[in-house]
Amino acid sequence: MRVAPEEPPPATARQPRSASRLREVVLLAGSAAVVLLAAANATPRAPASAAAVASASAGADPSPLPSGAEARPPSAPFPEASCDIPDRGFGEYAPWRSLRIGRVLVPTHGGLDDEGGFAVLFHFHGADAVRKELAPEGLSLVVAAVDAGTLSSHYAKVVGAPVTSLTDLTTMVAAAVAEATGDRRAHASHVALSSWSAGYGAVAELLRRPHPGLEGLILLDSLHASWGAGAQEIEPTQLAPFLAEARAAAAGNSLFYLTHSEIQPEGYASTGRVAAYLLRQMGGERGGFFARGFPGDTAAAHCAHLRLLPSIVREHLLPAWR
């Protein structure tokens, strides 16, 4: 079932649609690394409490996935990827500032340390949804966000020329922060990438280029892959940059947090199958790599992954930067 429109990678075989087989694959992979699976109920539930989320992060069974938007037909687009998330305002942030690519939220107090450094999260797909989730949380995090369309190919193109690397993006954001704060020392001292749905197309492109200084990667139901020729096995080349990041995180050098739903797309590998593939390749490595699966194959279930971002940032990303 296609919920958020994606760009299907070249397909050579059709994926089986059995959700039970997906659970079996992920559970087998979970013997080698941490995979947290919620109960098999496809209906999204009420938002979890902070205590429940903290318990899940500590290794207990995960809290129920928060509810997202009302379900829509599979063909219905999400024009602004808002997912009907309640708007709690801008919190400690000034209004969006436009960038050459995307836009940026800068805390009203600047978010700078004593040397002019700031922490920045680059998010692809669902800019205003992420603003609604992160802005009221008081995280003192600069948030740069890009909406480029509804296909992964749209996001792959948006970080093409003249943007050629993550360094180019951080330089662009640093200039905006310097202008907002009046502090010419402004520079990105901590950098992370996140994406939801089709936004992984931009992340894939950035990971294929030099990206020194990247300390975190958060993919919210947002990593698909092609099938290999003649078999229902994932084509490894496409996922090579992500596997490299997963291994770096497992070694304790960064954070890689991956979530997946039970959505079964036509013609290419689901986020669940990709998670299982990465876990198999990594064997018993764990460290800073987390893979977390949730039930649900509806638009609401897909949107609900956006609700996980604040707790991931607060409990896994920011502590490593302080």
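In this text the structure is predicted, and so the values were computed from the model without any measurement.

J.: So, the nonpolar core: which residues are in play, and what are the values?
T.: Ranked by size, the top nonpolar core spans 56 residues in total, and within it Phe122, Phe124, Val173 and Phe242 carry the most contacts. Residue contributions to this core peak at 8 residues, all from helix H5 (residues 166–181). When neighbours within four sequence positions are excluded, Val173 is seen to be in contact with Leu99, Val104, Phe118, Val120, Phe122, Val142 and Ala144. In this structure, Leu121, Leu255, Tyr257 and Ile312 belong to the second largest nonpolar core, which totals 33 residues.

J.: I'd like a rundown of the packing of helix H7 (residues 236–250) against helix H8 (residues 271–282), residues and numbers included.
T.: Two elements in contact, H7 and H8, have axes separated by 10 Å at closest approach and are oriented at 60°. Relative to H8, the element H7 is oriented oblique. Handedness of the H7/H8 crossing: right-handed. Touching Pro236, Leu239, Leu243, Ala246, Arg247 and Ala250 of H7 are Val274, Tyr277, Leu278, Gln281 and Met282, all from H8. Among the residues forming the contact of H7 with H8, the class breakdown is 9 nonpolar, 1 polar and 1 charged.

J.: Report on the confidence of the model for the chain, specifying residues and quantitative values.
T.: On average, the chain scores 79 in pLDDT, and the residues at 70 or more come to 74%. Counting contacts from residues 1–6, a segment whose pLDDT is below 50, to residues more than four positions away or on other chains yields 32 contacts. Within the model, the stretch residues 8–81 combines pLDDT values under 50 with 169 contacts to residues more than four positions away or in other chains.

J.: Help me get a handle on the pattern of salt bridges, residues and values and all.
T.: Tallied over the entire structure, the rule returns 10 salt bridges. Here Arg307 makes a salt bridge to Glu133, at a shortest N to O gap of 3.3 Å. Residue Arg307 is found in the loop between helix H9 (299–304) and helix H10 (309–321), and its partner Glu133 is found in helix H3 (residues 127–134); the two are separated by 174 residues along the sequence. Of the residues examined, Arg307 reaches a relative accessible area of 17% and is grouped as buried. Between Glu137 and Arg314 there is a salt bridge, with the nearest N and O atoms lying 2.3 Å from each other. With a gap of 177 residues between them, Glu137 in the loop between H3 and strand E5 (142–146) and Arg314 in helix H10 connect regions that are remote in the sequence. You can call Glu137 partly exposed: its relative accessible area is 26%. For Arg314, a relative accessible area of 34% corresponds to the partly exposed category. In the salt-bridge network here, residues are joined through shared partners; they are Asp87, Asp128 and Arg131.

J.: Which residues make up the pairing of strand E4 (residues 117–124), and what values do they have?
T.: Here is the key point about a regular strand: its side chains alternate between the two faces of the sheet. Counting buried positions over the 8 residues of E4 gives 8, a clear majority of the element. Alignment of E4 against strand E6 (residues 187–196), held across 8 bridges, turns out to be parallel. Looking at the pairing, Phe124 lines up with Ser195 of E6. Here E4 pairs with E5 via 5 bridges, running parallel. Residue Phe124 lies in a different strand from E5, and its bridge partner there is Val146. Between the parallel elements E4 and E5, the chain passes through H3 in a crossover that is right-handed.

J.: An account of H10 is needed here, citing residue identities and associated values.
T.: Here H10 spans 17 Å end to end across 13 residues, near enough to the 18 Å set by a 1.5 Å rise per residue. The largest bend along H10 reaches roughly 25° and is located at Glu315, with the proline Pro319 sitting one to four residues downstream. Within the span of H10, buried status applies to Leu309, Pro310, Ser311, Ile312, Val313, His316, Leu317, Leu318 and Trp321.

J.: I'd love a proper account of the pairing of strand E9 (residues 289–293), names of residues and values included.
T.: The buried count for E9 comes to 5 of 5 residues, which makes it a mostly enclosed element. Where burial is concerned, the two faces of E9 agree: the one with Phe289, Ala291 and Gly293 and the one with Phe290 and Arg292 are both buried. Bridge count between strand E8 (residues 255–260) and E9: 5 bridges; the pairing is parallel. Looking across to E9, one finds that Phe256 is bridged to Phe289. On the question of chirality, the crossover connecting E8 to the parallel E9 by way of H8 is right-handed.

Reading the values: the criteria
Going along each chain's sequence as written, the residues are numbered from 1 onward. With the structure being a predicted model, the display of local features is reserved for residues of pLDDT at least 70 and the display and counting of side-chain atom pairs for 80 or more, all residues being used for whole-chain, interface and lining totals. Side-chain numbers come from the whole structure's heavy atoms, not from hydrogens or water. Residue types Ala, Val, Leu, Ile, Met, Phe, Trp, Tyr and Cys, when buried and joined through side-chain atoms within 4.5 Å, form a set referred to as a nonpolar core. Under the scheme applied here, a residue whose accessible area is under 20% of the maximum for its type counts as buried, over 50% as exposed, and between as partly exposed, the area being computed with a 1.4 Å probe on protein chains only. Only DSSP runs of H or I covering at least 4 residues are called helices, and only runs of E covering at least 2 are called strands; the numbering of each starts at the N terminus. Pairs of residues are marked as contacts when any of their non-hydrogen atoms sit within 4.5 Å. Angles here are taken between N-to-C directions and fall from 0 to 180 degrees, while the axes themselves are lines fitted to C-alpha atoms, restricted in helices to the stretch in contact. Each angle receives one of four descriptions, namely roughly parallel if under 35 degrees, roughly antiparallel if over 145, roughly perpendicular if within 65 to 115, and oblique otherwise. Here a crossing is taken to be left-handed if its near helix is turned anticlockwise relative to the far helix by less than a right angle, and right-handed if that turn runs clockwise. Each residue is assigned to one class: nonpolar for Ala, Val, Leu, Ile, Met, Phe, Trp, Tyr, Cys and Pro, charged for Asp, Glu, Lys and Arg, and polar for all the others, Gly among them. Note: pLDDT gives the predictor's confidence per residue, expressed from 0 to 100. By convention in these notes, a salt bridge is any Lys or Arg side-chain nitrogen within 4 Å of a carboxyl oxygen on Asp or Glu. The pairing criterion for strands is at least two bridges between them, as found by DSSP. Seen with its strands pointing away from the viewer, a crossover is right-handed when the path leading from the first strand over the helix to the second is clockwise. Given a helix with a known number of residues, its expected span is that number minus one, times 1.5 Å. By definition, a residue's bend is the angle between the axes fitted to the seven residues ending there and the seven starting there.

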